[in-house]
Structure formats: C-alpha cells, structure tokens
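Each chain, written out:
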Amino acid sequence: MMYACPVCNGWNEMQEACPQCGQSLQDYGRTGDFYGPYSPYRPIDDIRLTNGIPDVRLHQCIHTCYCAHCKHKVEITIEETRV
Ligand SMILES: [Zn+2]
Ligand SMILES: [Zn+2]
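Residues numbered from 1 in each chain as written. Chains lettered and ligands numbered in written order. Predicted model: local features only at pLDDT ≥ 70, side-chain atom pairs only at ≥ 80, totals over all residues. Heavy atoms only, no water.

Under an unreviewed UniProt entry, the name given to the chain is DZANK-type domain-containing protein, and the source organism is Marinicrinis sediminis.

What about the nonpolar core?
Condition: Nonpolar cores were defined as sets of buried Ala, Val, Leu, Ile, Met, Phe, Trp, Tyr and Cys residues, with membership established by side-chain atoms within 4.5 Å. Between buried and exposed lies partly exposed: a residue is buried under 20% and exposed over 50% of the maximum accessible area for its type, with that area taken using a 1.4 Å probe on protein chains only. Secondary structure follows DSSP: runs of H or I at least 4 residues long count as helices, runs of E at least 2 residues long count as strands, and numbering of each begins at the N terminus. Here, residues are in contact when the closest pair of their heavy atoms is within 4.5 Å.
Residues Cys5, Val7, Met14, Cys18, Leu25, Cys61, Cys65, Cys67, Val74, Ile76 and Ile78 constitute the largest nonpolar core, which totals 11 residues. The element contributing the most residues to this core is strand 4 (residues 73-79), with three residues. Ignoring sequence-local partners within four residues, the contact set of methionine 14 consists of Val7, Leu25, Asp27, His63, Cys65, Ile76 and Ile78.

Digging into the coordination of the zinc ion (ligand 2)
Ideal coordination angles are 109.5 degrees for a metal with four donors arranged tetrahedrally and 90 or 180 degrees for a metal with six donors arranged octahedrally. Where we set the bar: Metal donors were taken as nitrogen, oxygen and sulfur atoms no farther than 2.8 Å from the ion, or 3.2 Å where the ion is Na, K or Ca. Water is excluded, so coordination may look unfinished. In this scheme the shape depends on donor count and angles: four donors with every angle between 85 and 135 degrees give tetrahedral, four or six donors with opposite pairs above 155 degrees and others between 65 and 115 give square planar or octahedral in turn, and any other case is irregular.
The protein atoms that coordinate the zinc ion (ligand 2) are Cys18 (SG), Cys21 (SG), Cys67 (SG) and Cys70 (SG), at distances of 2.3 Å. Taken together, the four donor atoms surrounding the zinc ion (ligand 2) define angles of 103 to 119 degrees at the centre, an arrangement classified as tetrahedral. Going along the chain, you hit the donors of the zinc ion (ligand 2) in the pattern C-x2-C-x45-C-x2-C. Pair noted here: cysteine 21 is in the loop between strand 1 (3-4) and strand 2 (26-30) and cysteine 67 is in the loop between strand 3 (60-66) and strand 4, with a separation of 46 residues, a long-range link. Owing to a relative accessible area of 29%, cysteine 21 belongs among the partly exposed residues under this scheme.

Given below as structure tokens:
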C-alpha cells in the first residue's frame, strides 16, 4: 500500500489561503526536502532526528508555503492519498 502527496505529484494545486490576509499561498515544496531525498522507508528514529515531523507514519506531507502578498511563511499539512 502506497501513499502519495497529490501536490508533490502534481495532481492538485496548492489551494490553501494565507491565514493572515486570505490571498492564495505559493507552494515552496515539501518541508522535509531540506534534509535530503524523500524515502518512505526511513526508520522512525531517523525521522524524529531529521525534522521532528512524523509525516511518513501519518501519511501527511508538510509543505512550506509563502504568501507573496504579506510575506507570511506557513507550513501546510497535505493529506496524502492512497495510490
Ligand atoms: Zn507534498
Ligand atoms: Zn498573506
């Protein structure tokens, strides 16, 4: 069974609104990408050491988003879908 983030895979556009001004947010990519290539097989301890977000276990993808209107940066959780 595999889960995949629809935004990372290009199936859906990021459709979140800025919590401060309501303008649409720009997707800056998956937050965990700062720590190297995505691997769904990393041990849990390794995940905790890298970014502190148990995204693999919960089947959620954390994206860093940016609002060009008010310069607000926010992390958005994307629910991964089963493929
Ligand atoms: Zn994603
Ligand atoms: Zn904004």
